[in-house]
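Descriptive analysis of the structure
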Amino acid sequence: MRHALRFVKIAVLGTTLLVVPLRAATIETMASLSDPLLAFPQVRLSNGTFYGPIFGGFNGASDHGSIFKLGPDGSLTTLYQFQAATEDEANPTILIAAADGNLYGGTAPRSVGDANGIIFRLTLSGTFTPLYRFNDAKGTHVTSLMQAADGNFYGTAAGDSSGGFFNHPPALHNPGIFFRLTPAGDFTTLYTFSGGADGSLPNAITQGADGNFYGSTLYGPESPPNVFSGYGTVFEFTPAGALTTLYRFTGANDGGNPSKVIQGGDGNLYGIATYPTVGTLFKVTLSGVRTTLYSFAGNNGSDPSRLIPSTDGNVYGTTQDGGIPQAGSIFKINPAGQVTTYIFDGAATGGHPSQLFEGEEHSLYGATSADGASGHGTVFRLNMAPPRTLLNISTRSQVLTGDKVLIGGFIITGSDPKKVIIRGIGPSLNGVGVTLQDPMLELHQGSATIAINDDWKEHQAEVEATNIPPTNDLESAIVATLTPGAYTAILKGKNNGTGIGVVEVYDLDQAANSELANISTRGVVNTSDNVMIGGLIVSGG
(Lines give C-alpha, C1' and ligand atoms only; values in the text may rest on other atoms or scores of the structure.)
Protein backbone atom coordinates (compact mmCIF):
# COMPACT_ATOMS: atom_id res chain seq x y z
CA MET A 1 0.00 0.00 0.00
CA ARG A 2 1.35 3.45 -0.87
CA HIS A 3 1.11 6.27 1.66
CA ALA A 4 0.89 9.96 0.76
CA LEU A 5 2.46 12.44 3.15
CA ARG A 6 0.81 15.84 3.10
CA PHE A 7 1.78 19.05 4.93
CA VAL A 8 -0.26 22.21 5.46
CA LYS A 9 1.60 25.32 6.58
CA ILE A 10 -0.44 27.89 8.49
CA ALA A 11 1.36 31.22 8.86
CA VAL A 12 -1.49 33.55 9.78
CA LEU A 13 -4.10 31.76 11.86
CA GLY A 14 -3.57 30.27 15.30
CA THR A 15 -5.36 26.97 14.53
CA THR A 16 -5.18 24.15 11.99
CA LEU A 17 -8.09 21.98 10.80
CA LEU A 18 -7.21 19.01 8.58
CA VAL A 19 -9.95 16.69 7.29
CA VAL A 20 -9.75 13.89 4.65
CA PRO A 21 -12.97 12.60 3.07
CA LEU A 22 -13.33 8.84 2.68
CA ARG A 23 -14.63 7.20 -0.49
CA ALA A 24 -16.72 4.07 -0.93
CA ALA A 25 -17.46 2.21 -4.17
CA THR A 26 -20.36 3.95 -5.93
CA ILE A 27 -21.86 4.07 -9.42
CA GLU A 28 -21.22 7.52 -10.89
CA THR A 29 -22.54 9.04 -14.11
CA MET A 30 -19.71 10.44 -16.22
CA ALA A 31 -21.84 11.59 -19.18
CA SER A 32 -25.21 11.15 -20.86
CA LEU A 33 -25.31 9.68 -24.36
CA SER A 34 -26.04 12.00 -27.26
CA ASP A 35 -27.88 9.33 -29.26
CA PRO A 36 -29.34 5.84 -28.69
CA LEU A 37 -26.78 3.08 -28.17
CA LEU A 38 -27.49 0.36 -30.74
CA ALA A 39 -24.94 -2.13 -29.36
CA PHE A 40 -22.68 -2.36 -26.36
CA PRO A 41 -18.99 -1.41 -26.54
CA GLN A 42 -16.39 -4.18 -26.44
CA VAL A 43 -13.28 -2.00 -26.14
CA ARG A 44 -12.25 0.91 -23.91
CA LEU A 45 -8.95 2.69 -24.51
CA SER A 46 -6.88 4.48 -21.87
CA ASN A 47 -8.20 7.86 -23.05
CA GLY A 48 -11.71 6.82 -22.03
CA THR A 49 -13.05 6.21 -25.56
CA PHE A 50 -15.20 3.14 -26.20
CA TYR A 51 -15.58 1.16 -29.44
CA GLY A 52 -18.00 -1.55 -30.42
CA PRO A 53 -19.51 -3.45 -33.38
CA ILE A 54 -23.07 -3.09 -34.68
CA PHE A 55 -24.17 -6.27 -36.43
CA GLY A 56 -26.37 -4.84 -39.13
CA GLY A 57 -29.15 -6.83 -40.82
CA PHE A 58 -30.05 -10.36 -41.91
CA ASN A 59 -31.07 -11.92 -45.21
CA GLY A 60 -30.10 -9.21 -47.64
CA ALA A 61 -30.82 -6.17 -45.48
CA SER A 62 -29.08 -3.05 -46.73
CA ASP A 63 -27.34 -2.36 -43.40
CA HIS A 64 -24.03 -4.23 -43.39
CA GLY A 65 -23.07 -3.13 -39.88
CA SER A 66 -20.57 -0.67 -38.48
CA ILE A 67 -17.99 0.09 -35.80
CA PHE A 68 -19.05 2.90 -33.47
CA LYS A 69 -17.04 5.23 -31.26
CA LEU A 70 -18.39 6.43 -27.93
CA GLY A 71 -16.52 9.34 -26.37
CA PRO A 72 -16.14 9.81 -22.62
CA ASP A 73 -18.42 12.83 -23.03
CA GLY A 74 -21.24 10.62 -24.34
CA SER A 75 -20.85 11.55 -28.02
CA LEU A 76 -21.57 8.76 -30.52
CA THR A 77 -20.01 8.61 -33.98
CA THR A 78 -19.39 5.96 -36.64
CA LEU A 79 -15.74 5.01 -37.09
CA TYR A 80 -16.33 2.62 -39.99
CA GLN A 81 -19.40 1.65 -42.02
CA PHE A 82 -19.25 -1.79 -43.67
CA GLN A 83 -20.13 -1.44 -47.36
CA ALA A 84 -18.55 -4.59 -48.73
CA ALA A 85 -19.40 -6.16 -52.03
CA THR A 86 -18.91 -9.60 -50.48
CA GLU A 87 -20.98 -10.68 -47.51
CA ASP A 88 -17.98 -11.92 -45.52
CA GLU A 89 -16.87 -8.30 -45.10
CA ALA A 90 -20.05 -7.37 -43.26
CA ASN A 91 -21.76 -7.74 -39.90
CA PRO A 92 -19.02 -7.40 -37.26
CA THR A 93 -19.52 -9.36 -34.04
CA ILE A 94 -16.22 -9.14 -32.13
CA LEU A 95 -13.83 -6.25 -31.48
CA ILE A 96 -10.62 -6.08 -29.42
CA ALA A 97 -7.80 -3.57 -28.95
CA ALA A 98 -4.23 -4.65 -29.74
CA ALA A 99 -0.78 -3.59 -28.61
CA ASP A 100 -0.11 -1.77 -31.91
CA GLY A 101 -2.91 0.73 -31.15
CA ASN A 102 -5.31 -0.69 -33.73
CA LEU A 103 -8.62 -2.51 -33.40
CA TYR A 104 -9.08 -6.10 -34.55
CA GLY A 105 -12.31 -8.01 -34.95
CA GLY A 106 -14.37 -10.55 -36.81
CA THR A 107 -17.52 -10.71 -38.90
CA ALA A 108 -20.24 -13.35 -39.09
CA PRO A 109 -22.53 -14.63 -41.87
CA ARG A 110 -25.69 -12.66 -42.59
CA SER A 111 -28.01 -15.46 -43.63
CA VAL A 112 -28.44 -19.18 -44.30
CA GLY A 113 -25.83 -20.42 -46.76
CA ASP A 114 -23.95 -17.15 -46.54
CA ALA A 115 -20.20 -16.87 -46.96
CA ASN A 116 -17.86 -17.30 -44.03
CA GLY A 117 -16.64 -14.52 -41.77
CA ILE A 118 -13.31 -12.71 -41.77
CA ILE A 119 -10.80 -11.32 -39.27
CA PHE A 120 -9.97 -7.67 -39.89
CA ARG A 121 -7.81 -4.78 -38.68
CA LEU A 122 -9.20 -1.26 -38.26
CA THR A 123 -7.09 1.78 -37.43
CA LEU A 124 -8.46 4.48 -35.13
CA SER A 125 -8.67 6.73 -38.19
CA GLY A 126 -11.00 4.24 -39.90
CA THR A 127 -8.72 2.36 -42.32
CA PHE A 128 -10.07 -1.18 -42.79
CA THR A 129 -7.92 -4.17 -43.77
CA PRO A 130 -9.09 -7.82 -44.04
CA LEU A 131 -6.45 -10.14 -42.53
CA TYR A 132 -7.95 -13.59 -43.00
CA ARG A 133 -11.02 -15.13 -44.66
CA PHE A 134 -12.45 -18.44 -43.52
CA ASN A 135 -13.04 -20.49 -46.65
CA ASP A 136 -14.66 -23.79 -45.66
CA ALA A 137 -18.18 -22.81 -46.87
CA LYS A 138 -19.57 -23.81 -43.45
CA GLY A 139 -20.40 -20.32 -42.29
CA THR A 140 -17.34 -20.38 -40.05
CA HIS A 141 -16.68 -17.17 -38.13
CA VAL A 142 -14.74 -16.01 -35.09
CA THR A 143 -16.41 -16.72 -31.74
CA SER A 144 -13.61 -15.39 -29.52
CA LEU A 145 -10.41 -13.45 -30.12
CA MET A 146 -7.51 -12.17 -28.00
CA GLN A 147 -3.93 -11.03 -28.35
CA ALA A 148 -1.51 -13.19 -26.36
CA ALA A 149 1.77 -12.39 -24.66
CA ASP A 150 3.73 -13.48 -27.77
CA GLY A 151 2.02 -10.76 -29.85
CA ASN A 152 -0.02 -13.20 -31.94
CA PHE A 153 -3.80 -13.45 -31.94
CA TYR A 154 -5.51 -16.58 -30.66
CA GLY A 155 -9.16 -17.39 -30.90
CA THR A 156 -11.91 -19.83 -31.62
CA ALA A 157 -14.26 -20.16 -34.56
CA ALA A 158 -17.24 -22.32 -35.55
CA GLY A 159 -20.10 -22.30 -37.99
CA ASP A 160 -23.10 -24.00 -39.52
CA SER A 161 -24.54 -22.95 -42.87
CA SER A 162 -27.26 -25.63 -43.09
CA GLY A 163 -30.01 -23.32 -41.95
CA GLY A 164 -31.13 -25.20 -38.85
CA PHE A 165 -32.30 -28.44 -40.48
CA PHE A 166 -32.35 -31.42 -38.12
CA ASN A 167 -30.00 -33.57 -40.19
CA HIS A 168 -27.06 -31.26 -40.73
CA PRO A 169 -24.68 -32.50 -43.42
CA PRO A 170 -21.09 -32.66 -42.12
CA ALA A 171 -20.03 -30.58 -45.11
CA LEU A 172 -22.09 -27.66 -43.75
CA HIS A 173 -21.25 -27.98 -40.05
CA ASN A 174 -18.08 -26.90 -38.20
CA PRO A 175 -18.08 -27.77 -34.46
CA GLY A 176 -15.18 -25.42 -33.95
CA ILE A 177 -11.45 -24.76 -34.12
CA PHE A 178 -8.74 -23.17 -31.97
CA PHE A 179 -6.40 -21.02 -34.08
CA ARG A 180 -3.43 -18.67 -34.13
CA LEU A 181 -3.15 -15.62 -36.38
CA THR A 182 -0.02 -13.48 -36.71
CA PRO A 183 -0.38 -9.70 -37.13
CA ALA A 184 0.77 -10.24 -40.72
CA GLY A 185 -2.22 -12.53 -41.38
CA ASP A 186 -0.60 -15.98 -41.23
CA PHE A 187 -3.30 -18.37 -39.98
CA THR A 188 -2.75 -21.74 -38.26
CA THR A 189 -5.43 -24.15 -37.04
CA LEU A 190 -4.09 -25.52 -33.76
CA TYR A 191 -7.00 -27.82 -32.89
CA THR A 192 -10.21 -29.01 -34.57
CA PHE A 193 -13.15 -29.89 -32.34
CA SER A 194 -14.96 -33.13 -33.17
CA GLY A 195 -18.29 -32.21 -31.59
CA GLY A 196 -17.95 -35.24 -29.32
CA ALA A 197 -16.51 -35.40 -25.83
CA ASP A 198 -14.31 -32.38 -26.57
CA GLY A 199 -17.38 -30.17 -27.09
CA SER A 200 -18.60 -27.93 -29.87
CA LEU A 201 -19.02 -24.21 -30.55
CA PRO A 202 -16.09 -22.87 -28.51
CA ASN A 203 -17.05 -19.38 -27.39
CA ALA A 204 -14.43 -17.99 -25.00
CA ILE A 205 -10.66 -17.83 -24.79
CA THR A 206 -8.27 -16.25 -22.30
CA GLN A 207 -4.58 -16.69 -21.61
CA GLY A 208 -3.74 -17.84 -18.11
CA ALA A 209 -0.85 -16.83 -15.92
CA ASP A 210 0.89 -20.11 -16.88
CA GLY A 211 0.85 -19.19 -20.58
CA ASN A 212 -1.82 -21.74 -21.50
CA PHE A 213 -5.23 -20.83 -22.90
CA TYR A 214 -8.53 -21.47 -21.17
CA GLY A 215 -12.09 -21.24 -22.39
CA SER A 216 -15.39 -22.99 -22.89
CA THR A 217 -17.53 -24.70 -25.49
CA LEU A 218 -21.20 -23.78 -25.43
CA TYR A 219 -22.30 -27.27 -26.55
CA GLY A 220 -21.17 -30.86 -26.83
CA PRO A 221 -21.15 -33.76 -26.96
CA GLU A 222 -23.47 -33.28 -29.94
CA SER A 223 -26.46 -35.60 -30.13
CA PRO A 224 -27.41 -36.18 -32.88
CA PRO A 225 -24.07 -35.48 -34.60
CA ASN A 226 -23.56 -32.29 -36.58
CA VAL A 227 -26.13 -30.39 -34.51
CA PHE A 228 -25.11 -27.81 -31.93
CA SER A 229 -26.42 -29.58 -28.81
CA GLY A 230 -25.24 -30.85 -25.42
CA TYR A 231 -24.22 -28.96 -22.29
CA GLY A 232 -20.67 -27.80 -22.99
CA THR A 233 -17.20 -27.96 -21.45
CA VAL A 234 -14.44 -25.89 -19.87
CA PHE A 235 -11.07 -26.56 -21.51
CA GLU A 236 -7.34 -25.84 -21.46
CA PHE A 237 -5.06 -25.53 -24.49
CA THR A 238 -1.29 -25.37 -24.62
CA PRO A 239 0.07 -22.79 -27.09
CA ALA A 240 0.75 -25.71 -29.42
CA GLY A 241 -2.91 -26.78 -29.37
CA ALA A 242 -2.92 -29.76 -26.98
CA LEU A 243 -6.41 -29.97 -25.42
CA THR A 244 -7.35 -30.92 -21.86
CA THR A 245 -11.02 -30.93 -20.93
CA LEU A 246 -11.16 -29.61 -17.37
CA TYR A 247 -14.89 -30.01 -16.79
CA ARG A 248 -17.83 -31.39 -18.78
CA PHE A 249 -21.29 -30.07 -17.84
CA THR A 250 -24.08 -32.61 -17.41
CA GLY A 251 -27.19 -30.41 -17.48
CA ALA A 252 -28.11 -31.56 -13.96
CA ASN A 253 -27.34 -29.55 -10.82
CA ASP A 254 -24.26 -28.11 -12.49
CA GLY A 255 -26.30 -26.58 -15.33
CA GLY A 256 -24.75 -26.19 -18.73
CA ASN A 257 -23.94 -24.07 -21.79
CA PRO A 258 -21.00 -22.15 -20.29
CA SER A 259 -19.56 -18.94 -21.68
CA LYS A 260 -17.60 -15.83 -20.77
CA VAL A 261 -14.80 -17.79 -19.07
CA ILE A 262 -11.95 -15.74 -17.57
CA GLN A 263 -9.17 -16.41 -15.06
CA GLY A 264 -9.44 -14.61 -11.74
CA GLY A 265 -6.61 -13.23 -9.66
CA ASP A 266 -6.71 -16.40 -7.54
CA GLY A 267 -5.83 -18.53 -10.60
CA ASN A 268 -9.26 -20.16 -10.85
CA LEU A 269 -11.57 -19.95 -13.86
CA TYR A 270 -14.89 -18.12 -13.65
CA GLY A 271 -17.75 -18.19 -16.12
CA ILE A 272 -21.50 -18.02 -16.71
CA ALA A 273 -23.71 -21.06 -17.34
CA THR A 274 -27.08 -20.32 -18.93
CA TYR A 275 -28.83 -23.72 -18.70
CA PRO A 276 -31.48 -24.27 -17.40
CA THR A 277 -32.00 -20.94 -15.59
CA VAL A 278 -31.42 -17.27 -16.27
CA GLY A 279 -27.77 -17.94 -15.43
CA THR A 280 -25.34 -19.11 -12.80
CA LEU A 281 -21.88 -17.88 -11.95
CA PHE A 282 -19.47 -20.80 -11.57
CA LYS A 283 -15.84 -21.42 -10.66
CA VAL A 284 -13.64 -24.20 -12.02
CA THR A 285 -10.21 -24.88 -10.56
CA LEU A 286 -7.35 -25.82 -12.88
CA SER A 287 -7.69 -29.35 -11.53
CA GLY A 288 -11.30 -29.48 -12.75
CA VAL A 289 -13.35 -28.94 -9.57
CA ARG A 290 -16.52 -26.93 -10.34
CA THR A 291 -18.50 -24.82 -7.84
CA THR A 292 -21.68 -22.79 -8.33
CA LEU A 293 -21.09 -19.41 -6.70
CA TYR A 294 -24.24 -17.43 -7.48
CA SER A 295 -27.55 -17.94 -9.26
CA PHE A 296 -29.33 -15.23 -11.23
CA ALA A 297 -33.07 -15.58 -10.76
CA GLY A 298 -34.40 -12.57 -12.63
CA ASN A 299 -35.18 -10.43 -9.61
CA ASN A 300 -31.46 -10.21 -8.81
CA GLY A 301 -30.43 -9.85 -12.44
CA SER A 302 -30.54 -11.57 -15.79
CA ASP A 303 -28.45 -11.77 -18.95
CA PRO A 304 -25.08 -11.41 -17.17
CA SER A 305 -22.34 -9.79 -19.24
CA ARG A 306 -18.81 -10.87 -19.97
CA LEU A 307 -16.82 -11.14 -16.74
CA ILE A 308 -13.74 -9.07 -15.99
CA PRO A 309 -10.89 -9.95 -13.61
CA SER A 310 -9.89 -6.79 -11.76
CA THR A 311 -6.43 -5.96 -10.49
CA ASP A 312 -7.97 -5.73 -7.01
CA GLY A 313 -8.23 -9.55 -7.03
CA ASN A 314 -12.01 -9.72 -7.51
CA VAL A 315 -14.14 -10.68 -10.51
CA TYR A 316 -16.85 -8.30 -11.77
CA GLY A 317 -19.75 -8.43 -14.20
CA THR A 318 -23.08 -6.77 -14.95
CA THR A 319 -26.68 -7.85 -15.40
CA GLN A 320 -29.22 -6.29 -17.73
CA ASP A 321 -32.03 -6.37 -15.20
CA GLY A 322 -32.39 -6.86 -11.47
CA GLY A 323 -32.73 -4.67 -8.44
CA ILE A 324 -35.25 -1.90 -8.11
CA PRO A 325 -36.37 -0.64 -10.61
CA GLN A 326 -35.06 -3.61 -12.67
CA ALA A 327 -32.44 -1.41 -14.33
CA GLY A 328 -29.53 -3.81 -13.92
CA SER A 329 -26.62 -4.21 -11.58
CA ILE A 330 -22.88 -4.65 -11.18
CA PHE A 331 -21.83 -7.71 -9.22
CA LYS A 332 -18.51 -8.45 -7.55
CA ILE A 333 -17.28 -11.91 -6.50
CA ASN A 334 -14.25 -12.12 -4.23
CA PRO A 335 -11.93 -15.17 -3.98
CA ALA A 336 -13.91 -16.42 -0.96
CA GLY A 337 -17.06 -16.61 -3.12
CA GLN A 338 -18.85 -13.66 -1.48
CA VAL A 339 -21.01 -11.58 -3.82
CA THR A 340 -21.59 -7.82 -3.60
CA THR A 341 -24.00 -5.98 -5.90
CA TYR A 342 -24.31 -2.34 -6.94
CA ILE A 343 -27.71 -1.34 -8.37
CA PHE A 344 -28.44 1.08 -11.22
CA ASP A 345 -31.24 3.49 -10.34
CA GLY A 346 -32.87 3.60 -13.80
CA ALA A 347 -32.61 7.37 -13.69
CA ALA A 348 -29.43 9.43 -13.24
CA THR A 349 -27.02 6.48 -13.42
CA GLY A 350 -28.89 4.93 -16.34
CA GLY A 351 -30.12 1.39 -16.85
CA HIS A 352 -29.18 -1.87 -18.60
CA PRO A 353 -25.37 -1.73 -18.49
CA SER A 354 -22.70 -3.04 -20.82
CA GLN A 355 -19.75 -5.18 -19.84
CA LEU A 356 -17.15 -3.49 -17.65
CA PHE A 357 -13.68 -2.14 -18.46
CA GLU A 358 -11.02 -1.44 -15.86
CA GLY A 359 -9.46 2.01 -15.78
CA GLU A 360 -7.64 4.16 -13.28
CA GLU A 361 -7.31 3.13 -9.60
CA HIS A 362 -9.27 -0.10 -10.16
CA SER A 363 -12.36 1.91 -11.20
CA LEU A 364 -14.65 0.13 -13.66
CA TYR A 365 -16.24 1.85 -16.65
CA GLY A 366 -19.07 1.06 -19.05
CA ALA A 367 -22.15 2.36 -20.81
CA THR A 368 -25.88 1.91 -20.29
CA SER A 369 -28.45 1.75 -23.05
CA ALA A 370 -31.31 3.52 -21.27
CA ASP A 371 -32.22 6.44 -19.01
CA GLY A 372 -29.81 9.14 -17.88
CA ALA A 373 -30.45 12.83 -18.52
CA SER A 374 -30.86 12.28 -22.27
CA GLY A 375 -32.92 9.11 -22.00
CA HIS A 376 -30.43 7.37 -24.33
CA GLY A 377 -28.15 5.99 -21.63
CA THR A 378 -25.00 6.98 -19.80
CA VAL A 379 -21.26 6.54 -19.57
CA PHE A 380 -20.74 5.34 -16.01
CA ARG A 381 -18.00 4.50 -13.56
CA LEU A 382 -17.97 2.24 -10.54
CA ASN A 383 -15.61 4.31 -8.45
CA MET A 384 -13.25 1.79 -6.87
CA ALA A 385 -10.49 4.22 -5.88
CA PRO A 386 -8.78 2.99 -2.72
CA PRO A 387 -10.30 4.47 0.43
CA ARG A 388 -8.32 7.37 1.80
CA THR A 389 -7.70 6.74 5.48
CA LEU A 390 -5.86 9.03 7.85
CA LEU A 391 -2.94 7.12 9.36
CA ASN A 392 -1.34 10.07 11.11
CA ILE A 393 -2.30 13.62 12.05
CA SER A 394 0.20 16.06 13.52
CA THR A 395 0.96 19.72 14.23
CA ARG A 396 4.31 21.44 14.72
CA SER A 397 4.42 24.75 16.51
CA GLN A 398 6.30 26.83 19.05
CA VAL A 399 5.44 25.64 22.57
CA LEU A 400 5.46 28.31 25.28
CA THR A 401 3.90 28.33 28.75
CA GLY A 402 0.53 29.03 30.33
CA ASP A 403 -2.21 29.31 27.71
CA LYS A 404 0.42 29.28 24.95
CA VAL A 405 1.18 25.57 25.13
CA LEU A 406 0.39 23.42 22.06
CA ILE A 407 -3.14 21.97 22.12
CA GLY A 408 -4.20 19.45 19.51
CA GLY A 409 -7.79 18.28 19.23
CA PHE A 410 -8.70 15.17 17.24
CA ILE A 411 -11.88 13.18 16.55
CA ILE A 412 -12.46 9.45 16.18
CA THR A 413 -15.52 8.61 14.10
CA GLY A 414 -17.31 5.29 13.57
CA SER A 415 -18.64 2.65 15.96
CA ASP A 416 -15.57 0.71 17.17
CA PRO A 417 -12.87 1.70 19.67
CA LYS A 418 -9.66 2.85 17.98
CA LYS A 419 -6.17 2.05 19.26
CA VAL A 420 -3.80 4.99 18.79
CA ILE A 421 -0.42 6.28 19.91
CA ILE A 422 -0.07 9.99 20.73
CA ARG A 423 3.50 11.28 20.67
CA GLY A 424 5.08 14.49 21.97
CA ILE A 425 8.26 15.19 20.01
CA GLY A 426 10.94 17.82 20.58
CA PRO A 427 14.62 16.90 21.03
CA SER A 428 14.75 14.71 17.89
CA LEU A 429 13.58 17.51 15.59
CA ASN A 430 16.42 18.73 13.38
CA GLY A 431 16.99 22.00 11.55
CA VAL A 432 13.98 23.81 13.01
CA GLY A 433 15.55 26.21 15.49
CA VAL A 434 15.24 25.88 19.23
CA THR A 435 13.36 22.69 20.09
CA LEU A 436 11.39 21.66 23.15
CA GLN A 437 14.00 19.71 25.10
CA ASP A 438 11.78 17.74 27.52
CA PRO A 439 8.18 17.42 26.24
CA MET A 440 5.32 16.43 28.53
CA LEU A 441 2.11 15.05 27.07
CA GLU A 442 -1.45 14.98 28.41
CA LEU A 443 -4.54 13.30 26.89
CA HIS A 444 -8.01 14.57 27.82
CA GLN A 445 -11.62 13.93 26.86
CA GLY A 446 -13.68 16.89 27.94
CA SER A 447 -12.79 17.65 31.55
CA ALA A 448 -11.49 14.12 32.20
CA THR A 449 -7.76 13.40 32.10
CA ILE A 450 -7.09 10.04 30.43
CA ALA A 451 -3.30 9.88 30.67
CA ILE A 452 -0.15 11.92 31.34
CA ASN A 453 3.36 11.01 30.23
CA ASP A 454 6.76 12.63 30.70
CA ASP A 455 9.22 10.13 29.19
CA TRP A 456 7.94 7.38 26.89
CA LYS A 457 10.15 4.69 28.46
CA GLU A 458 7.88 4.78 31.51
CA HIS A 459 5.81 2.38 29.37
CA GLN A 460 8.64 1.13 27.17
CA ALA A 461 7.27 -2.33 26.25
CA GLU A 462 3.85 -1.01 25.26
CA VAL A 463 5.26 1.84 23.19
CA GLU A 464 7.92 -0.28 21.45
CA ALA A 465 5.23 -2.82 20.51
CA THR A 466 3.72 -0.16 18.21
CA ASN A 467 6.96 -0.12 16.13
CA ILE A 468 6.96 3.69 16.19
CA PRO A 469 8.49 4.70 19.54
CA PRO A 470 10.02 8.19 19.82
CA THR A 471 13.73 8.26 19.03
CA ASN A 472 14.74 10.36 22.05
CA ASP A 473 14.32 9.10 25.62
CA LEU A 474 13.03 12.49 26.81
CA GLU A 475 10.12 12.51 24.37
CA SER A 476 6.61 11.43 25.36
CA ALA A 477 4.12 8.83 24.17
CA ILE A 478 0.71 7.57 25.22
CA VAL A 479 -0.82 4.35 23.85
CA ALA A 480 -4.59 4.20 24.34
CA THR A 481 -7.69 2.53 22.94
CA LEU A 482 -10.31 5.26 22.55
CA THR A 483 -14.02 5.09 21.90
CA PRO A 484 -15.42 7.34 19.14
CA GLY A 485 -15.51 10.95 20.26
CA ALA A 486 -13.47 14.15 20.58
CA TYR A 487 -10.11 14.25 22.39
CA THR A 488 -7.49 16.82 23.29
CA ALA A 489 -3.70 16.30 23.45
CA ILE A 490 -1.70 18.97 25.26
CA LEU A 491 2.06 19.35 24.71
CA LYS A 492 4.05 21.46 27.19
CA GLY A 493 7.63 21.69 28.40
CA LYS A 494 8.78 20.14 31.67
CA ASN A 495 9.64 22.83 34.25
CA ASN A 496 8.13 25.46 31.92
CA GLY A 497 10.56 24.67 29.13
CA THR A 498 9.87 26.21 25.70
CA GLY A 499 10.76 25.49 22.09
CA ILE A 500 9.41 23.95 18.91
CA GLY A 501 7.50 20.70 19.38
CA VAL A 502 5.23 18.28 17.56
CA VAL A 503 2.07 16.61 18.82
CA GLU A 504 0.88 13.72 16.64
CA VAL A 505 -1.56 10.82 16.59
CA TYR A 506 -1.06 7.50 14.75
CA ASP A 507 -3.83 5.00 13.89
CA LEU A 508 -2.75 1.57 15.18
CA ASP A 509 -5.89 -0.35 14.18
CA GLN A 510 -6.92 0.35 10.59
CA ALA A 511 -9.22 -2.68 10.52
CA ALA A 512 -11.53 -1.20 13.16
CA ASN A 513 -14.82 0.33 12.03
CA SER A 514 -13.61 3.78 13.07
CA GLU A 515 -11.36 6.47 11.65
CA LEU A 516 -9.19 9.39 12.63
CA ALA A 517 -11.27 12.25 11.29
CA ASN A 518 -9.46 15.54 11.90
CA ILE A 519 -6.97 17.50 13.94
CA SER A 520 -7.63 21.05 15.09
CA THR A 521 -4.75 22.82 16.83
CA ARG A 522 -4.42 25.89 18.99
CA GLY A 523 -0.98 27.33 19.47
CA VAL A 524 1.39 30.21 18.91
CA VAL A 525 1.93 31.38 15.33
CA ASN A 526 5.07 33.38 14.70
CA THR A 527 7.45 33.75 11.76
CA SER A 528 10.24 31.72 10.17
CA ASP A 529 10.68 28.38 12.00
CA ASN A 530 7.95 29.34 14.44
CA VAL A 531 4.99 29.17 12.05
CA MET A 532 2.40 26.45 12.66
CA ILE A 533 2.60 23.41 10.38
CA GLY A 534 -0.04 20.70 10.14
CA GLY A 535 0.86 17.29 8.69
CA LEU A 536 -1.04 14.14 7.81
CA ILE A 537 -0.36 10.73 6.29
CA VAL A 538 -3.08 9.31 4.06
CA SER A 539 -3.27 5.66 2.96
CA GLY A 540 -4.53 4.29 -0.33
CA GLY A 541 -2.93 6.64 -2.81
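Above this text you will find the structure in question.
For the structure given in this document, a descriptive report is provided here. (Residues numbered from 1 in each chain as written. Predicted model: local features only at pLDDT ≥ 70, side-chain atom pairs only at ≥ 80, totals over all residues. Heavy atoms only, no water.)

Brief notes about the sheet that holds strand β8 (residues 92-97)
Taken in spatial order, the 4 strands of this open sheet run β8-β9-β10-β11, and their pairing is antiparallel. Because the sheet does not close on itself, it has two edges, and the strands there are β8 and β11 (128-133). Across the sheet, the mean angle from the axis of one strand to that of its neighbour is 25 degrees, orientation sign disregarded. Looking at chain direction, β8 and strand β9 (residues 103-107) are connected through 5 bridges and run antiparallel. Within the sheet, the bridge partner assigned to Ile 94 lies in β9 and is Gly 106. (Pairing = 2+ DSSP bridges. Helix = DSSP H or I, 4+ residues; strand = E, 2+ residues; numbered from the N terminus. Axes fitted to C-alpha atoms, helices over the stretch in contact; angles between N-to-C directions.)

Re the pattern of salt bridges
Considering all chains together, one arrives at 6 salt bridges under this definition. Residue Glu 28 is joined to Arg 381 by a salt bridge in which the shortest nitrogen-to-oxygen separation is 2.6 Å. Placement of Glu 28 in strand β3 (residues 26-32) and of Arg 381 in strand β31 (residues 378-383) is noted, with a sequence separation of 353 residues between them. Its relative accessible area of 23% is what places Glu 28 among the partly exposed residues. (Salt bridge = Lys/Arg side-chain N within 4 Å of Asp/Glu carboxyl O. Buried < 20%, exposed > 50% of the residue type's maximum accessible area, 1.4 Å probe, protein only.)

Topic: the packing of aromatic side chains
The tally for this structure, following the rule as stated, stands at 29 aromatic pairs. The interplanar angle of 75 degrees and the centroid separation of 5.7 Å between the aromatic rings of Phe 82 and Phe 120 together place this pair among those described as edge-to-face. Of the two residues, Phe 82 sits in the loop between β7 (76-81) and β8 while Phe 120 sits in strand β10 (residues 118-122), which places them 38 residues apart along the sequence. For the pair Phe 82 and Phe 120, a shared accessibility class is recorded, and that class is buried. The exposure class assigned to Phe 82 is buried, which follows from its relative accessible area of 1%. A connected cluster of aromatic rings, assembled from ring pairs, spans Tyr 154, Phe 178, Tyr 191, Phe 193, Phe 213, Phe 235 and Phe 237. Taking the ring centre of Tyr 365 as reference, the NZ or CZ of Arg 44 above it sits at 3.8 Å. (Phe/Tyr/Trp six-rings, centres within 6.5 Å; stacked < 30°, edge-to-face > 60°. Lys NZ or Arg CZ within 6 Å of the ring centre and 35° of its normal.)

Here we look at the layout of surface pockets
Taken as a whole, the largest pocket encloses approximately 1,600 Å³ of empty space. What lines the largest pocket is a set of 49 residues, and nearest its centre among them are Gln 42, Leu 95, Arg 306, Leu 307 and Gln 355. Contributions of two or more residues to the lining of the largest pocket are made by β4 (43-44), β8, β12 (141-147), β16 (200-207), β20 (256-263), β24 (308-309) and β29 (357-358). When the residues that make up the lining of the largest pocket are grouped by side-chain class, the tally is 28 nonpolar, 16 polar and 5 charged. (1 Å grid on protein atoms, 1.4 Å probe; cavity = no way out; pocket = protein on both sides within 12 Å on 5 of 7 lines; lining within 4 Å. Points joined across faces, edges and corners; volume = space filled by probe spheres on them. Nonpolar A, V, L, I, M, F, W, Y, C, P; charged D, E, K, R; others polar.)

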